[in-house]
Amino acid sequence: QVQLVESGGGLLQTGGSLRLSCAASGGTFSRYNMAWFRQAPGKEREFVAGITWNGGTLNYADSVKGRFTISRDNAKNTVYVQMNSLKPEDTAVYYCAATGAFGNRYDYWGQGTQVTVSS
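To keep things clear, this report deals only with the structure shown in the data block. (Residues numbered from 1 in each chain as written. Predicted model: local features only at pLDDT ≥ 70, side-chain atom pairs only at ≥ 80, totals over all residues. Heavy atoms only, no water.)

With that settled, consider the state of the cysteines. Taken as a whole and judged by the stated rule, the model has one disulfide. Bridging cysteine 22 to cysteine 96, the disulfide has an S-S length of 2.1 Å. The sign of the S-S torsion, about -75 degrees, decides the handedness of the disulfide formed by cysteine 22 and cysteine 96: left-handed. Here cysteine 22, found in strand 3 (residues 18–25), pairs with cysteine 96, found in strand 9 (residues 92–101); they are 74 residues apart in sequence, far enough to count as distant. (Disulfide = S-S within 2.5 Å. Helix = DSSP H or I, 4+ residues; strand = E, 2+ residues; numbered from the N terminus.)

So this is what it looks like as structure tokens:
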């Protein structure tokens, strides 16, 4: 069973930067496609950024392109998202997700970490 634990959330002002981490255990991390999602109050969960198992393909939501960067370290079983130029509309709970081995459906989810950006 894959377990995902996010960390790095916090409260910061508009324009600030933050790096979220997601540590995986219980499986073969290097085979999983990984992603970050977020859910703001009263809104549906939305895709933020994704990275393939070997880091060869990155995808971003239009709302974060140019500001967020997803990366992974397979030796540390960890995926990151560097978030720059944060805006109040980035306020949300951020979730890490993983597919099965080389899969395309996100079957595993973390508990989430809160990011709050004040204006």
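Moving on to the pattern of salt bridges. As enumerated under the stated definition, the model contains five salt bridges in all. Among the salt bridges present, the one from arginine 67 reaches aspartate 90, with a minimum N-O distance of 2.7 Å. With a gap of 23 residues between them, arginine 67 in the loop between strand 6 (58–60) and strand 7 (68–73) and aspartate 90 in the loop between strand 8 (78–83) and strand 9 connect regions that are remote in the sequence. Grouping residues by exposure puts arginine 67 and aspartate 90 together as buried. The shortest N-O distance in the salt bridge between arginine 105 and aspartate 107 comes to 2.6 Å. When its relative accessible area of 58% is taken as the criterion, arginine 105 is described as exposed. Ionic contacts of the salt-bridge type, sharing partners, join the residues Arg38, Glu46, Arg67 and Asp90 into one network. (Salt bridge = Lys/Arg side-chain N within 4 Å of Asp/Glu carboxyl O. Buried < 20%, exposed > 50% of the residue type's maximum accessible area, 1.4 Å probe, protein only.)

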